[in-house]
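Given next are the chains, with one letter for each unit.
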Amino acid sequence: MAPLGRAIQWTAILVLLHTAYSTYEYLSQLKALDKPQDHIPVDVTIEALVSLVLFIFGTVLAAPALTEITWAKEMEKRTIDEMDSRLGFAGFKHRGAKFYGS
Amino acid sequence: MEEEKASLIYGPHLQSNLSSVFNIKFLVFIFSGATAGVLGLTNLYGFLLFAFSTVLCAALVALVSCRGAPSKFVGDGKGMSDKSAWTSLLTPGMDNVWGFILTWTLFYGIVHVY
(Lines give C-alpha, C1' and ligand atoms only; values in the text may rest on other atoms or scores of the structure.)
Protein backbone atom coordinates (compact mmCIF):
# COMPACT_ATOMS: atom_id res chain seq x y z
CA MET A 1 0.00 0.00 0.00
CA ALA A 2 2.69 2.44 0.98
CA PRO A 3 5.03 1.70 -1.97
CA LEU A 4 2.09 2.08 -4.35
CA GLY A 5 1.34 5.41 -2.74
CA ARG A 6 4.96 6.51 -3.14
CA ALA A 7 4.95 5.51 -6.79
CA ILE A 8 1.78 7.51 -7.41
CA GLN A 9 3.25 10.51 -5.58
CA TRP A 10 6.37 10.48 -7.70
CA THR A 11 4.34 10.07 -10.88
CA ALA A 12 2.26 13.08 -9.91
CA ILE A 13 5.40 15.15 -9.28
CA LEU A 14 6.78 14.19 -12.68
CA VAL A 15 3.48 15.02 -14.37
CA LEU A 16 3.46 18.42 -12.67
CA LEU A 17 7.02 19.11 -13.84
CA HIS A 18 5.98 18.16 -17.35
CA THR A 19 3.03 20.53 -17.08
CA ALA A 20 5.28 23.31 -15.82
CA TYR A 21 7.63 22.86 -18.73
CA SER A 22 4.76 22.71 -21.25
CA THR A 23 3.32 25.91 -19.84
CA TYR A 24 6.67 27.63 -19.95
CA GLU A 25 7.24 26.57 -23.54
CA TYR A 26 3.79 27.68 -24.64
CA LEU A 27 4.18 31.05 -22.95
CA SER A 28 7.60 31.52 -24.56
CA GLN A 29 5.98 30.90 -27.92
CA LEU A 30 3.30 33.50 -27.20
CA LYS A 31 5.96 35.93 -26.05
CA ALA A 32 7.98 35.40 -29.22
CA LEU A 33 4.92 36.01 -31.37
CA ASP A 34 4.02 39.09 -29.31
CA LYS A 35 0.63 37.70 -28.41
CA PRO A 36 -0.95 38.35 -25.00
CA GLN A 37 -0.08 35.59 -22.50
CA ASP A 38 -3.46 35.22 -20.93
CA HIS A 39 -4.27 31.57 -21.41
CA ILE A 40 -2.84 28.07 -21.33
CA PRO A 41 -3.96 25.15 -23.54
CA VAL A 42 -6.84 23.18 -22.09
CA ASP A 43 -5.00 19.86 -22.04
CA VAL A 44 -2.18 21.36 -19.95
CA THR A 45 -4.76 22.62 -17.43
CA ILE A 46 -6.36 19.21 -17.25
CA GLU A 47 -2.96 17.59 -16.85
CA ALA A 48 -2.16 19.87 -13.90
CA LEU A 49 -5.45 19.09 -12.15
CA VAL A 50 -5.00 15.38 -12.76
CA SER A 51 -1.53 15.56 -11.20
CA LEU A 52 -3.03 17.26 -8.14
CA VAL A 53 -5.68 14.57 -7.69
CA LEU A 54 -3.06 11.84 -8.21
CA PHE A 55 -0.76 13.40 -5.62
CA ILE A 56 -3.49 13.66 -2.99
CA PHE A 57 -4.46 10.07 -3.63
CA GLY A 58 -0.85 8.88 -3.48
CA THR A 59 -0.13 10.80 -0.27
CA VAL A 60 -3.16 9.32 1.46
CA LEU A 61 -2.11 5.81 0.39
CA ALA A 62 1.51 6.31 1.42
CA ALA A 63 0.67 7.56 4.91
CA PRO A 64 1.06 5.14 7.84
CA ALA A 65 -2.13 3.37 8.81
CA LEU A 66 -4.27 5.13 11.37
CA THR A 67 -5.43 3.28 14.48
CA GLU A 68 -8.82 3.78 16.07
CA ILE A 69 -8.82 6.01 19.09
CA THR A 70 -11.30 4.02 21.16
CA TRP A 71 -10.12 2.37 24.36
CA ALA A 72 -11.62 -0.86 23.06
CA LYS A 73 -9.01 -0.93 20.31
CA GLU A 74 -6.18 -0.61 22.81
CA MET A 75 -7.70 -3.29 25.02
CA GLU A 76 -7.48 -5.73 22.14
CA LYS A 77 -3.75 -5.76 22.74
CA ARG A 78 -3.74 -5.83 26.51
CA THR A 79 -5.46 -7.72 29.33
CA ILE A 80 -7.50 -6.00 31.99
CA ASP A 81 -4.97 -7.07 34.60
CA GLU A 82 -2.33 -4.89 32.96
CA MET A 83 -4.53 -1.83 33.03
CA ASP A 84 -6.28 -2.19 36.38
CA SER A 85 -4.50 -4.58 38.66
CA ARG A 86 -6.72 -3.73 41.69
CA LEU A 87 -3.69 -3.57 43.92
CA GLY A 88 -5.84 -2.81 46.95
CA PHE A 89 -7.37 -6.29 46.70
CA ALA A 90 -4.11 -8.13 46.09
CA GLY A 91 -3.54 -10.95 48.51
CA PHE A 92 -0.07 -12.20 49.34
CA LYS A 93 -0.86 -15.06 51.67
CA HIS A 94 -0.93 -18.20 49.58
CA ARG A 95 0.09 -21.87 49.87
CA GLY A 96 3.77 -21.36 48.91
CA ALA A 97 4.81 -21.70 52.57
CA LYS A 98 3.15 -25.11 52.72
CA PHE A 99 5.04 -26.31 49.66
CA TYR A 100 8.45 -24.80 50.27
CA GLY A 101 8.51 -23.99 53.96
CA SER A 102 9.98 -26.17 56.62
CA MET B 1 -20.26 14.07 31.43
CA GLU B 2 -17.60 15.85 29.39
CA GLU B 3 -14.85 13.99 31.20
CA GLU B 4 -16.61 10.71 30.63
CA LYS B 5 -16.75 11.30 26.91
CA ALA B 6 -13.13 12.38 26.80
CA SER B 7 -11.97 9.40 28.85
CA LEU B 8 -13.28 6.97 26.24
CA ILE B 9 -10.53 8.12 23.91
CA TYR B 10 -7.05 6.58 23.95
CA GLY B 11 -4.79 9.64 23.75
CA PRO B 12 -1.62 8.28 22.11
CA HIS B 13 -3.55 6.86 19.16
CA LEU B 14 -5.34 10.17 18.67
CA GLN B 15 -2.02 12.03 18.77
CA SER B 16 -0.36 9.77 16.23
CA ASN B 17 -3.40 9.91 13.95
CA LEU B 18 -3.50 13.70 14.10
CA SER B 19 0.18 14.07 13.33
CA SER B 20 -0.12 11.59 10.45
CA VAL B 21 -3.05 13.54 8.99
CA PHE B 22 -1.14 16.78 9.48
CA ASN B 23 1.74 15.38 7.44
CA ILE B 24 -0.65 14.39 4.66
CA LYS B 25 -2.22 17.85 4.63
CA PHE B 26 1.17 19.55 4.63
CA LEU B 27 2.38 17.69 1.53
CA VAL B 28 -0.95 18.12 -0.24
CA PHE B 29 -1.02 21.88 0.28
CA ILE B 30 2.54 22.32 -0.87
CA PHE B 31 1.80 20.41 -4.07
CA SER B 32 -1.48 22.18 -4.61
CA GLY B 33 0.30 25.53 -4.30
CA ALA B 34 2.74 24.38 -6.96
CA THR B 35 -0.20 23.46 -9.21
CA ALA B 36 -1.78 26.87 -8.66
CA GLY B 37 1.50 28.52 -9.64
CA VAL B 38 1.95 26.40 -12.75
CA LEU B 39 -1.60 27.11 -13.87
CA GLY B 40 -1.00 30.83 -13.43
CA LEU B 41 -3.93 31.31 -11.11
CA THR B 42 -4.24 34.65 -9.40
CA ASN B 43 -6.18 35.99 -6.44
CA LEU B 44 -9.54 34.34 -6.05
CA TYR B 45 -8.94 31.46 -8.45
CA GLY B 46 -5.86 30.43 -6.52
CA PHE B 47 -7.78 30.31 -3.27
CA LEU B 48 -10.54 28.43 -5.04
CA LEU B 49 -7.96 25.76 -5.85
CA PHE B 50 -6.92 25.88 -2.18
CA ALA B 51 -10.50 25.24 -1.09
CA PHE B 52 -10.88 22.48 -3.67
CA SER B 53 -7.74 20.71 -2.51
CA THR B 54 -8.80 21.06 1.16
CA VAL B 55 -12.14 19.41 0.46
CA LEU B 56 -10.65 16.70 -1.75
CA CYS B 57 -7.94 15.91 0.80
CA ALA B 58 -10.44 15.71 3.68
CA ALA B 59 -12.73 13.48 1.61
CA LEU B 60 -9.94 11.09 0.58
CA VAL B 61 -8.50 10.89 4.10
CA ALA B 62 -11.97 10.14 5.49
CA LEU B 63 -12.61 7.54 2.81
CA VAL B 64 -9.27 5.74 2.58
CA SER B 65 -7.37 6.31 5.84
CA CYS B 66 -10.36 6.49 8.17
CA ARG B 67 -12.30 3.85 6.24
CA GLY B 68 -15.39 6.02 6.04
CA ALA B 69 -15.75 6.67 9.78
CA PRO B 70 -13.59 9.70 10.62
CA SER B 71 -15.03 10.08 14.14
CA LYS B 72 -13.21 6.89 15.13
CA PHE B 73 -9.80 8.16 14.07
CA VAL B 74 -9.54 11.94 14.44
CA GLY B 75 -11.19 14.60 16.49
CA ASP B 76 -10.47 17.26 19.06
CA GLY B 77 -10.01 14.96 22.04
CA LYS B 78 -13.12 16.04 23.90
CA GLY B 79 -15.29 13.20 22.69
CA MET B 80 -15.79 11.22 19.50
CA SER B 81 -18.22 12.99 17.22
CA ASP B 82 -18.62 13.38 13.49
CA LYS B 83 -18.66 17.16 13.77
CA SER B 84 -15.32 17.43 15.57
CA ALA B 85 -13.79 14.85 13.23
CA TRP B 86 -14.81 16.70 10.07
CA THR B 87 -13.82 20.05 11.56
CA SER B 88 -10.39 18.68 12.32
CA LEU B 89 -10.07 17.23 8.81
CA LEU B 90 -11.24 20.36 7.04
CA THR B 91 -9.26 23.05 8.86
CA PRO B 92 -6.00 23.53 6.96
CA GLY B 93 -4.08 25.25 9.75
CA MET B 94 -2.03 28.44 9.39
CA ASP B 95 1.25 26.70 8.55
CA ASN B 96 -0.34 24.97 5.61
CA VAL B 97 -1.84 28.19 4.24
CA TRP B 98 1.61 29.76 4.22
CA GLY B 99 3.07 26.65 2.60
CA PHE B 100 0.45 26.87 -0.14
CA ILE B 101 1.20 30.54 -0.78
CA LEU B 102 4.95 29.87 -0.75
CA THR B 103 4.92 27.26 -3.50
CA TRP B 104 2.22 29.19 -5.36
CA THR B 105 4.41 32.29 -5.65
CA LEU B 106 7.50 30.20 -6.31
CA PHE B 107 6.07 28.29 -9.24
CA TYR B 108 4.22 31.28 -10.61
CA GLY B 109 7.50 33.14 -10.65
CA ILE B 110 9.42 30.30 -12.27
CA VAL B 111 6.90 29.42 -14.96
CA HIS B 112 5.13 32.65 -15.81
CA VAL B 113 7.54 35.42 -15.02
CA TYR B 114 10.94 34.09 -15.99
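Residues numbered from 1 in each chain as written. Chains lettered and ligands numbered in written order. Predicted model: local features only at pLDDT ≥ 70, side-chain atom pairs only at ≥ 80, totals over all residues. Heavy atoms only, no water.

**Quick look at helix 5 (residues 94-113) of chain B**
This is how it is decided: Secondary structure elements are defined from DSSP: runs of H or I of at least 4 residues count as helices, runs of E of at least 2 residues count as strands, and each element is numbered from the N terminus. Here the expected span of a helix is defined as 1.5 Å times the quantity of residues minus one. Categorising residues by exposure relies on relative accessible area from a 1.4 Å probe, with only protein chains included: less than 20% of the type maximum marks a residue as buried, more than 50% marks it as exposed, and the intermediate range marks it as partly exposed.
Compared with an ideal rise of 1.5 Å per residue, which puts 20 residues at 28 Å, helix 5 of chain B spans 27 Å between its outermost C-alpha atoms and is within 8% of the ideal. Of the positions making up helix 5 of chain B, those classed as buried are N96, V97, G99, F100, T103, W104, F107, G109, V111 and H112 of chain B.

**Digging into the packing of helix 1 (residues 2-32) of chain A against helix 2 (residues 42-62) of chain A**
Residue and element names in this part refer to chain A. Under the convention used in this document: A fitted line through C-alpha atoms serves as each axis, taken over the contacting stretch for helices, and the angle formed by two N-to-C directions is quoted from 0 to 180°. Oblique is the label for any angle not covered by the other classes, which are roughly parallel (under 35 degrees), roughly antiparallel (over 145) and roughly perpendicular (65 to 115). Left-handed describes a crossing whose near helix is turned anticlockwise from the far helix by less than a right angle; the clockwise case is right-handed. Polar here means any residue outside two lists: the nonpolar Ala, Val, Leu, Ile, Met, Phe, Trp, Tyr, Cys and Pro, and the charged Asp, Glu, Lys and Arg; Gly therefore counts as polar.
In the contact formed by helix 1 and helix 2, the axes pass within 8 Å of each other and the chain directions differ by 160°. Between helix 1 and helix 2, the interaxial angle falls into the category roughly antiparallel. The interaxial crossing formed by helix 1 with helix 2 has left-handed handedness. For the contact of helix 1 with helix 2, the per-class residue count stands at 14 nonpolar, nine polar and two charged.

**A few points about the UniProt feature "transmembrane region" (unreviewed entry) in chain B**
Residue and element names in this part refer to chain B. Convention followed: UniProt positions are given in the numbering used here, feature names are shortened, and annotations may be inferred rather than shown by experiment.
Within the UniProt annotation, "transmembrane region" (unreviewed entry) is assigned to residues 21-39, 45-64 and 85-111. Structurally, residues 21-39 is divided into 100% helix and 0% strand, and its ends, taken at the C-alpha atoms, are 27 Å apart. From the first C-alpha to the last, residues 45-64 spans 28 Å; its make-up is 100% helix and 0% strand.

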